[in-house]
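# Examining the three-dimensional arrangement
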Amino acid sequence: MSEGGAGAIVTKSIGLEPRNGYVNPTVVQMSFGLVNAMGLPNPGMDEFVHEIRRAKTVLKVPLIVSVYGYSEDEYALLAKKGVEAGADAVELNVSCPHVKCTGSEIGQSPKLLAATVKKAKAAIDKPVIVKLSPNVTSIAALADVAARAGADALTAINTVKAMAINVEAGMPILSNGVGGLSGPAIKPIALRCVYDIFGQVEIPIIGCGGITNWRDAAEFLLAGASAVQIGTAVALKGPRVFSTITRGLSAYLRMKGYQSVSEIVGLSHRR
Ligand SMILES: Cc1cc2nc3c(=O)[nH]c(=O)nc-3n(C[C@H](O)[C@H](O)[C@H](O)COP(=O)(O)O)c2cc1C
């Protein structure tokens, strides 16, 4: 990913214990994106710290370790272990839509969200990024809660709750039934979320959701994102998608007479 032009790497979300995730099918590919319910498969933090240490010996870009827990103490412990192993920042996954008692069940509750962010902040001296769920009435209100609790930055958004049904079998395709939609279909939703949050908080926003080309990335910057994350497009286009997007973005900035990305962050809000 780094050789493909990514400016930083975010890991898959890691918990305290190893998890197999759900049995297949866990991903449904559609023309407009993916519906997935992986079920947070991961080797557990005590095993993953070896990968963090190894990644840090080869990576020239920052490594952001994503974590999920079942309580604020677990999030804080995971953040601490990740940073001790070499993480440059930690992203709190308080927005996974398809695993019980973690993810969005924490991020949708202002009380639990604030407590989780505060504990994680107190546990580490590296930036704490909070990844928000779009499956809420007001993402801006929860962004405000996370910012007031001390978040250094916000990522918007995780996947949008969704499902697919096989009409021959007359059953949901995903073994979990319900999952999360990603890819081009959610770009307008993610963009609106970033736009709403920008007016609400002072901290940087990382835009995420359906970004596949430089135009998408430019839209997110104009909406208020200071950086963007790319997930599904890596599966669709391969890791070179990062340099294709940054080259396109550089050409756009040059053509418009801007010196830096920061000059267009939130520009669409001007009246
Ligand atoms: C197969 C798959 C696995 C994902 N796993 C995680 C995860 O472990 N933690 C997390 O915070 N988000 C996870 N996501 C969500 C993405 O990071 C991202 O927020 C979402 O897919 C929207 O961006 P995109 O359209 O660029 O993929 C996953 C998405 C997909 C498609």
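This report concerns the structure included in the present document. (Residues numbered from 1 in each chain as written. Predicted model: local features only at pLDDT ≥ 70, side-chain atom pairs only at ≥ 80, totals over all residues. Heavy atoms only, no water.)

### Things to note about the sheet that holds strand β7 (residues 153–156)
To be explicit about the condition: Strand pairing is assigned whenever DSSP identifies at least 2 bridges connecting the two strands. Under the scheme used here, helices are H or I runs from DSSP no shorter than 4 residues and strands are E runs no shorter than 2 residues, and both carry numbers assigned from the N terminus.
One open sheet accounts for 7 strands, arranged β1-β4-β5-β6-β7-β12-β13; its pairing is parallel. For this open sheet the edge positions go to β1 (9–10) and β13 (227–229), each flanked by a neighbour on one side alone.

### Considering the site of the ligand
Just so we agree on the cut-off: Distances are taken per atom, and a residue is near a molecule or strand as soon as one of its heavy atoms is within 4 Å of it. Identification of polar contacts relies on pairs of N or O atoms within 3.5 Å, with a donor-acceptor requirement for protein atoms, meaning one able to donate a hydrogen and the other able to accept it, and with residues adjacent in sequence counted only if both atoms are side-chain atoms. The protein chains shown are the only cover counted for residues, whose accessible areas, like all others here, come from Shrake-Rupley with a 1.4 Å probe. Residue type decides the class: Asp, Glu, Lys and Arg count as charged, Ala, Val, Leu, Ile, Met, Phe, Trp, Tyr, Cys and Pro as nonpolar, and the leftover types, Gly among them, as polar.
Looking at the ligand, there are 18 residues lining it, with Lys-12, Ser-13, Lys-131, Gly-210 and Thr-232 nearest. Between Lys-12 and the ligand, the recorded distance is 2.7 Å, taken from a side-chain N or O atom to an oxygen atom. Backbone polar atom of Gly-183 to an oxygen atom of the ligand: 2.8 Å apart, as the coordinates give it. Relative to its unbound accessible surface of 610 Å², the ligand loses 84% to contact with the protein. Its residues assigned to classes, the shell around the ligand shows 5 nonpolar, 11 polar and 2 charged.

### Focus on the pairing of strand β5 (residues 89–93)
Applied cut-off: Between buried and exposed lies partly exposed: a residue is buried under 20% and exposed over 50% of the maximum accessible area for its type, with that area taken using a 1.4 Å probe on protein chains only. Assignment of crossover handedness uses the view with strands pointing away from the viewer, where a clockwise path from the first strand over the helix to the second indicates a right-handed crossover.
For β5, a buried count of 5 out of 5 residues is recorded, marking the element as mostly surrounded by other parts of the structure. Bridge count for strand β4 (residues 63–67) against β5 is 4 bridges, and the pairing is parallel. Along β5, the bridge assignment pairs Ile-64 with Ala-89. Viewed along the sheet, the connection from β4 through helix α2 (residues 72–85) into β5 turns out right-handed.

### Examining the packing of helix α4 (residues 110–123) against helix α5 (residues 139–148)
Here is the rule: Interaxial angles span 0 to 180 degrees and are taken between N-to-C directions of axes, which are lines fitted to C-alpha atoms, for helices over the stretch in contact. What sets the label is the angle itself: under 35 degrees gives roughly parallel, over 145 gives roughly antiparallel, 65 to 115 gives roughly perpendicular, and the rest give oblique. Left-handed is the label given to a crossing in which the near helix is rotated counterclockwise from the far helix by less than a right angle, and right-handed is the label when the rotation is clockwise. Whether two residues are in contact is decided by their heavy atoms, any of which lying within 4.5 Å being enough.
Contact geometry of α4 with α5 gives a least axis separation of 8 Å together with a crossing angle of 30°. The orientation of α4 relative to α5 falls into the category roughly parallel. For the crossing formed where α4 meets α5, the hand is right-handed. On α5, the residues that touch Pro-110, Leu-113, Ala-114 and Val-117 of α4 are Leu-142, Val-145 and Ala-146. Taken together, the residues of the contact of α4 with α5 sort by class into 7 nonpolar, no polar and no charged.

### A look at the nonpolar core
For the record, the criterion: In this text, buried Ala, Val, Leu, Ile, Met, Phe, Trp, Tyr and Cys residues form a nonpolar core when linked through side-chain atoms within 4.5 Å.
If you look at the biggest cluster of nonpolar residues, it comprises 78 residues, and the most contacted ones within it are Met-45, Leu-92, Val-130, Leu-154 and Ile-197. The dominant element in this core, judged by the number of residues it contributes, is helix α9 (residues 241–256), at 6 residues. Here Val-130 is in contact with Leu-92, Val-94, Leu-113, Val-117, Ala-146, Ala-151, Ala-153, Leu-154 and Thr-155, once residues within four sequence places are set aside. Judged by nonpolar contacts, the second largest core, of 5 residues, contains Ile-64, Ile-129, Ala-153 and Ile-206.

### Re the packing of aromatic side chains
Worth spelling out the cut-off: Think of it this way: a Phe, Tyr or Trp ring, Trp meaning its six-membered ring, pairs with another when their centres are within 6.5 Å, and the plane angle makes it stacked under 30 degrees, edge-to-face over 60, tilted otherwise.
Here the structure, examined in full by the defined rule, presents 2 aromatic pairs. Note on Tyr-68 and Tyr-70: the rings are 6.0 Å apart at their centroids and 85° apart in plane angle, and the pair reads as edge-to-face. Given the relative accessible area of 2%, Tyr-68 is considered buried. Between the aromatic rings of Trp-214 and Tyr-252, the centroid separation amounts to 5.3 Å while the plane-to-plane angle is 35°, which identifies the pairing as tilted. Placement of the pair is Trp-214 in helix α7 (residues 214–223) and Tyr-252 in helix α9, with a sequence separation of 38 residues. Relative accessible area serves as the criterion here: at 14%, Tyr-252 is assigned to the buried category.

Such coordinate-based values are descriptive only and should not be taken to indicate function.
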